[in-house]
Amino acid sequence: MTRAAVKKHATKPLSPASLSAYLVGGVNSPVRAFRHVGVKPLLLSRSLGAYVWDRAGQRYTDFIMGWGAIILGHNPPRVMEALKKRLSLGVLLGLTHEAEGNLAEQIARSVPSVEQVRFTVSGTEACMTAIKIARAHTRRSKILVFDGCYHGHGETLMAGHSAGLPQSIAEEVVSVPFNDTETFDRALEHYAPQLACVILEPVAANMGVIVPLPGFLEHIRKQTQKHGIVLIFDEVVTGFRLGLGGAQSHFGVQADLTTFGKIIGGGLPVGAVGGRKALMQRLAPEGDVYHGGTFAGHPLAMAAGLAALASLNDQPPYEKLERLGRMIVEGLSSAARSCQLPLQINRVGSMLTVFFTDHPVRNLSDVKIMRKELFVQWANGLRKRGVLIPPSPFEALFLSAAHEEGHATQLIRESKKVFSEMVLN
Ligand SMILES: *Cc1c(COP(=O)(O)O)cnc(C)c1O
């Protein structure tokens, strides 16, 4: 290619069509394809505070917030400063650097059940690693999961949800409904001696937000302890979102191993597994469970994560987030009532999901009976009005410290307009 040809090529505006010519489905993560709401993927170019902008310069108030990774708002000055400083010192070192220890200490100081930490590059990898530790520790191989919880796309965890897996994997996974202690106990009667771990999102966020019923987490804790099963809390979403101590501090139930991701990278790719020293020492080089990575503990992610957690420590946004969350639930509920639309909102702190149904939503079966077509109208209507929510009814809306009452009011006001149009249709 000549220089002129290269230049011409490079300046050609990128159309969504050319995106899907070279990227599978036009995306690198399926939910970004907007298939649930039946429209073309939105292409974003910029973010700041509570906003994102598309390529045409249209601004949206953002309630996706990096799928939960962003809690301080987009590009908070403190995190950006830390990144600039790190950039000036070098991007990748290839050996260990101080910030890895500092971020591990910060996490261990915040989450009571965590003594030691191993950083990964993604939440997926953190969950895979936690399960490996549990299997090595117990010398058992089966795992118990809850229908609708998501722990990334590690092989065992994808059993029944993806093609391309060995058939034998399904035999390693026992799956029961969330919030159902009876079925859980029955599964234990059968499988307890074979179970290496029970893994769950203490507040489910990937089938929409599902709040644990009172006593549910406590029951699982008691039973896993009794049967010598490792309890893994996947706090990739809830870690540092429901408070500095995550869901386990919020609900007062401690896990044996905890996985993190999202928030702890301050917007950069990261994951971590943490727990008591005795368990964590199973990892190489101390123990016989292998985990490593070229980019594990990446200097930029550590710098951004440290700055983000320092900011959460110094100026905890949690009370404000609680207040905004409550305001949104009240506003949307009242708007739905006045339009006689069926609506349930599940919320803990700054994470919430709106389900278009009359019934309480406590597990995946409840989720499935919602009126998906109403969600589609709501999401598409909001987007046309400059408000961006996840383009799937199985995701959570996330609030950040950059959201103000005005943003909550905007969401409620625009939803009310969309609701009244929905009723007319
Ligand atoms: C996002 C997520 C993961 C996977 O993290 P990635 O960094 O996307 O691999 C795991 N568990 C939960 C609960 C998540 O929400």
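Preceding block: the structure.
The structure reproduced in this document is the subject of the present report. (Residues numbered from 1 in each chain as written. Predicted model: local features only at pLDDT ≥ 70, side-chain atom pairs only at ≥ 80, totals over all residues. Heavy atoms only, no water.)

Let us look at the sheet that holds strand β13 (residues 387-388). Strand order in the open sheet made by the four strands is β1-β2-β3-β13, with mixed pairing throughout. Strands with a single pairing partner mark the edges of an open sheet, and in this sheet they are β1 (44-48) and β13. The pairing of β1 with strand β2 (residues 51-54) spans four bridges and is antiparallel. When the bridges of β2 are listed, S47 appears paired with V52. (Pairing = 2+ DSSP bridges. Helix = DSSP H or I, 4+ residues; strand = E, 2+ residues; numbered from the N terminus.)

This next bit is on the site of the ligand. Lining the immediate surroundings of the ligand are S122, G123, T124, Y150, H151, G152, E201, N206, D234, V236, V237 and K262. At 3.3 Å, a backbone N or O of Y150 approaches a nitrogen atom of the ligand. Contacts to the ligand include N206, whose side-chain N or O atom sits 3.1 Å from an oxygen atom. Across the complex, the protein chains shield 84% of the 380 Å² of accessible surface that the ligand would expose by itself. In terms of residue class, the shell around the ligand is built from three nonpolar, six polar and three charged. (Near = heavy atom within 4 Å. Polar contact = N/O pair within 3.5 Å; in protein donor to acceptor, adjacent residues only side chain to side chain. Areas by Shrake-Rupley, 256 points an atom, 1.4 Å probe, with all protein chains shown as cover. Nonpolar A, V, L, I, M, F, W, Y, C, P; charged D, E, K, R; others polar.)

Let's shift gears to a nonpolar patch on the surface. Taken together, L87, V91, L92 and F295 make up a surface patch of nonpolar side chains, about 350 Å² in accessible area. Among the secondary structure elements, L87 is positioned in helix α3 (residues 77-89). Take L87: its relative accessible area is 49%, and that puts it in the partly exposed class. (Patch = residues over 30% accessible without salt bridge, like charges linked within 9 Å, V, L, I, M, F, W, Y side chains within 5 Å. Salt bridge = Lys/Arg side-chain N within 4 Å of Asp/Glu carboxyl O. Buried < 20%, exposed > 50% of the residue type's maximum accessible area, 1.4 Å probe, protein only.)

The next subject is the nonpolar core. In terms of nonpolar packing, the biggest core is built from 60 residues, with I107, F119, F240, W378, I389 and F419 touching the most fellow members. Excluding residues within four positions of it along the chain, W378 makes contact with L332, V354, F356, I389, L397, L411, S415, V418, F419 and M422. Core analysis: the second largest hydrophobic core is formed by 28 residues, C149, L200, F216 and L231 among them. (Core = buried A, V, L, I, M, F, W, Y, C linked by side-chain atoms within 4.5 Å. Contact = heavy atoms within 4.5 Å.)

What follows deals with the side chain of T353. On the secondary structure map, T353 appears in strand β12 (residues 351-355). For T353, a relative accessible area of 2% translates into the label buried. One polar contact links the side chain of T353 to the main-chain amide nitrogen of V209, over a distance of 2.8 Å. Side-chain polar atoms of T353 contact the backbone oxygen of E395, separated by 2.9 Å.

This part covers the packing of helix α6 (residues 181-191) against helix α7 (residues 216-226). Following both chains from N to C, one finds α6 and α7 inclined at 10°, their axes separated by 11 Å at the closest point. The angle between α6 and α7 places the two elements in the roughly parallel class. For the element pair α6 and α7, the recorded crossing hand is right-handed. Of the residues in α7, those touching α6 at T181, F184, D185 and L188 are F216, H219, I220 and Q223. Grouping the amino acids of the contact of α6 with α7 by side-chain chemistry returns four nonpolar, three polar and one charged. (Axes fitted to C-alpha atoms, helices over the stretch in contact; angles between N-to-C directions. Parallel < 35°, antiparallel > 145°, perpendicular 65-115°, else oblique. Left-handed = near helix turned anticlockwise from the far one by under 90°.)

Now for α3. With 13 residues, α3 should cover 18 Å at 1.5 Å per step; its first-to-last C-alpha distance of 19 Å lies within 8% of that length. Each element contacted by the buried residues of α3 is listed here: α10 (299-314). Positive backbone phi, approximately 125°, marks G90, located one or two places after α3. (Expected span 1.5 Å × (residues − 1).)

Interpretation note: all reported values are geometric properties and have no functional meaning in isolation.
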